[in-house]
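Summary of structural features
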Amino acid sequence: MNFLINFLDAESRAFVHYHIVVGVNKATGGAAMRRVARWAWLLALLVGASVGQQTPSGTQDTAQEQLPSAPAPQNNVPAPAPLPPTPPAVPSSAPEPPDNFAPPASGPPNERDQIIDTIRVDVRFVVVPVTVKDPRGHLVEGLTRKDFAVFEDGKQQQIRFFTSDPFPLSAAIVLDIGLPDTVLRSVNETLPALAAAFSQFDEIAFYTFSDSVTKELDFSAVTDRYTKSIKQLKKQGQQPGAPVAGGPLGQSGPSTNGKPVDPNVPHGGVYVMAREAHVLNDAILAAALDLAKRPKDRRKLIFVISDGKETGSHANLPGVLKVLLSNNISVYGVAVGESSMPIVDRMEKINAPFSGHADLLPRYTQPTGGDMLREFDRNAIETAYAHVTSEARNQYTIGYNAKAGAPTNAYRNIEVIVHRPNLKVQTRDGYYPLPVNPPL
């Protein structure tokens, strides 16, 4: 668009020509062209006014006195209008836009600026690892989705996810160092085989416990350096001994008529030895809380090497089970020492008052879908390590959408059925929908 504007220079008495060229995109439409023309015309008026008012700085007053009246404007030179304080958006002399005038569209809105309404449905996806064994205890392979049925609180659920692919493991090794020294020495010799039972894709942490819990090694891949660190974790167990009796075997001072002369010296009877703590519950809880922070795409398990005795823990069995079941953590146990003997095992299930729990491991392994192995000698313990890791890694994994329901953390029962005869199904008994606070 071209504009040709003529102005009279007051000093030289000559006309000044201004040729203004404005480029307008045709895509903007006629309305945009009209707006550009108006502003170009206003700009031209401003330029002309400034040219007409210019005089030499040294003779400004004299020029004002000698300057004659300006001649009458020509037809093609419009009289300059006084400049308003703030230019209006549309000059008053411009014609009004037609009724059907519409401003040009500013283009499609950016996708990030769009407000998208999202419908949210509260659905909890439940993952259930399942181990299937034949009557001889061997893992059963080759099953498909159609071979399984899963029930929650007695109602069958539609299986949304199914796979038999192995998962990498996040394992917490919990070693009982309150074992008798002879037993713990045998376990120490098996630690290299324990590290070898895991693959390079797995990660493990190492805990020990007796009267307290110690985290020896944090979660890390099973490298040669980590294996070397495990070999150095050899602990000394409890030394065998018996309470010291009074009388001939005990220390008794001088006495008169069967009574000690020194009242500070005991006489007769049996010394009552203080019962040592054996905090199995606290150890499993510490490992479970750390495992809950590991990535969700890993199979999580606690591997306990102990005789299963529990005394003096701050946490209790029901509270620790809630943490395990709300985080999909399985417990596997290798019973060593006296608990590995069948006869002693049956006797230890009967707990004397105030004696603590003699064999607590099965009460952890069965509800969480783990397994329990009782091994006595070194070779059997090493075989148990490989068996447990292979079983935990090669499970069937079933997933389903649980009913949302009210926001409650009531326990939900799970039952998995295999449509084939004479097969044993091993999985967790249920779960808690919401995270559970650690028991105090």
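Residues numbered from 1 in each chain as written. Predicted model: local features only at pLDDT ≥ 70, side-chain atom pairs only at ≥ 80, totals over all residues. Heavy atoms only, no water.

Points about the overall build of the protein
Along the protein, the regular secondary structure elements total nine helices and 18 strands. Burial status across the protein gives 38% buried among its 440 residues. Contacts in the protein between residues far apart in sequence, at least 24 positions, make up 75% of those at least 6 positions apart. Surface summary for the protein: the accessible area is close to 26,900 Å², and the carbon and sulfur share equals 54%. (Helix = DSSP H or I, 4+ residues; strand = E, 2+ residues; numbered from the N terminus. Buried < 20%, exposed > 50% of the residue type's maximum accessible area, 1.4 Å probe, protein only. Contact = heavy atoms within 4.5 Å. Areas by Shrake-Rupley, 256 points an atom, 1.4 Å probe, with all protein chains shown as cover.)

Description of the pattern of salt bridges
For the coordinates displayed, the defined rule picks out 12 salt bridges. The partner of arginine 393 in a salt bridge is aspartate 202, with the nearest N and O atoms 2.2 Å apart. Taken together, the residues arginine 393 in helix H9 (residues 378-393) and aspartate 202 in the loop between helix H3 (181-196) and strand S8 (203-209) connect sequence positions 191 residues apart. The salt bridge involving lysine 215 is made with aspartate 290; its shortest N-O contact spans 3.2 Å. Of this pair, lysine 215 sits in strand S9 (residues 213-221) while aspartate 290 sits in helix H5 (residues 280-291), and the two are 75 residues apart along the sequence. Classification of lysine 215 by relative accessible area gives partly exposed; the value is 36%. (Salt bridge = Lys/Arg side-chain N within 4 Å of Asp/Glu carboxyl O.)

What to know about the packing of H5 against helix H6 (residues 317-326)
Orientation of H5 relative to H6, taken along the N-to-C sense of each, is 20°, at an axis distance of 10 Å. Overall, the two elements H5 and H6 adopt an arrangement that is roughly parallel. Once H5 is placed against H6, the crossing between them reads as left-handed. Taking contact as the criterion, the partners of Asn281, Ile284, Leu285, Ala288 and Leu289 in H5 are, on H6, Leu317, Val320, Val323 and Leu324. (Axes fitted to C-alpha atoms, helices over the stretch in contact; angles between N-to-C directions. Parallel < 35°, antiparallel > 145°, perpendicular 65-115°, else oblique. Left-handed = near helix turned anticlockwise from the far one by under 90°.)

Side note on the sheet that holds strand S4 (residues 148-152)
Strand order in this open sheet of four strands is S5-S4-S16-S18, and the pairing throughout is antiparallel. A strand with exactly one partner marks an edge of an open sheet, and here the two such strands are strand S5 (155-157) and strand S18 (430-431). (Pairing = 2+ DSSP bridges.)

Regarding the nonpolar core
In this structure, Leu194, Phe198, Phe206 and Phe303 are the most contacted members of the largest nonpolar core, which totals 33 residues. Among the elements of the structure, strand S7 (169-176), H3, S8, helix H4 (224-231), strand S12 (299-306), strand S13 (329-335) and H9 are those that each provide at least two residues to this core. Of the residues forming this core, the biggest block, six residues, is contributed by H3. Residues contacting phenylalanine 303, with those up to four places away along its chain left out, are Ala172, Ile173, Val174, Leu194, Phe198, Tyr332, Val334, Tyr385 and Val388. (Core = buried A, V, L, I, M, F, W, Y, C linked by side-chain atoms within 4.5 Å.)

Re unusual backbone geometry
The backbone of aspartate 153 sits at a positive phi, close to 55°, despite the residue not being glycine. Here aspartate 153 is to be found in the loop between S4 and S5. With phi around 55°, asparagine 328 is a residue other than glycine that occupies positive phi space. Topologically, asparagine 328 is positioned in the loop between H6 and S13.

Thoughts on the sheet that holds strand S3 (residues 124-133)
Here four strands make up an open sheet; going across it, the order is S6-S15-S3-S17 and the pairing antiparallel. This sheet does not close on itself; its edge strands, each paired only once, are strand S6 (159-163) and strand S17 (424-426). Across the sheet, the mean angle from the axis of one strand to that of its neighbour is 30°, orientation sign disregarded.

Digging into the environment of glutamine 232
The topology assignment puts glutamine 232 in the loop between H4 and strand S10 (255-256). In this structure glutamine 232 comes out as exposed when scored by relative accessible area, which is 58%. Considering only alpha carbons, one finds glutamine 232 and proline 192, 40 residues apart in sequence, at a separation of 9.9 Å.

Here we look at the packing of aromatic side chains
On inspection of all chains with the given rule, the structure shows five aromatic pairs. With a centroid separation of 5.5 Å and 45° between ring planes, the pair formed by phenylalanine 148 and phenylalanine 162 is classed as tilted. Linking phenylalanine 148 in strand S4 with phenylalanine 162 in strand S6, this pair joins segments that are 14 residues apart in sequence. Above the face of the phenylalanine 167 ring, arginine 299 is positioned so that its terminal group lies 4.6 Å from the ring centre. (Phe/Tyr/Trp six-rings, centres within 6.5 Å; stacked < 30°, edge-to-face > 60°. Lys NZ or Arg CZ within 6 Å of the ring centre and 35° of its normal.)

A short note on H5
When the terminal C-alpha atoms of H5 are compared, their 17 Å separation across 12 residues agrees well with the 16 Å that a helix rising 1.5 Å per residue should span. Burial within H5 is extensive, with 10 of its 12 residues counted as buried. Taken together, the buried positions of H5 are Leu280, Asn281, Asp282, Ala283, Ile284, Leu285, Ala287, Ala288, Asp290 and Leu291. (Expected span 1.5 Å × (residues − 1).)

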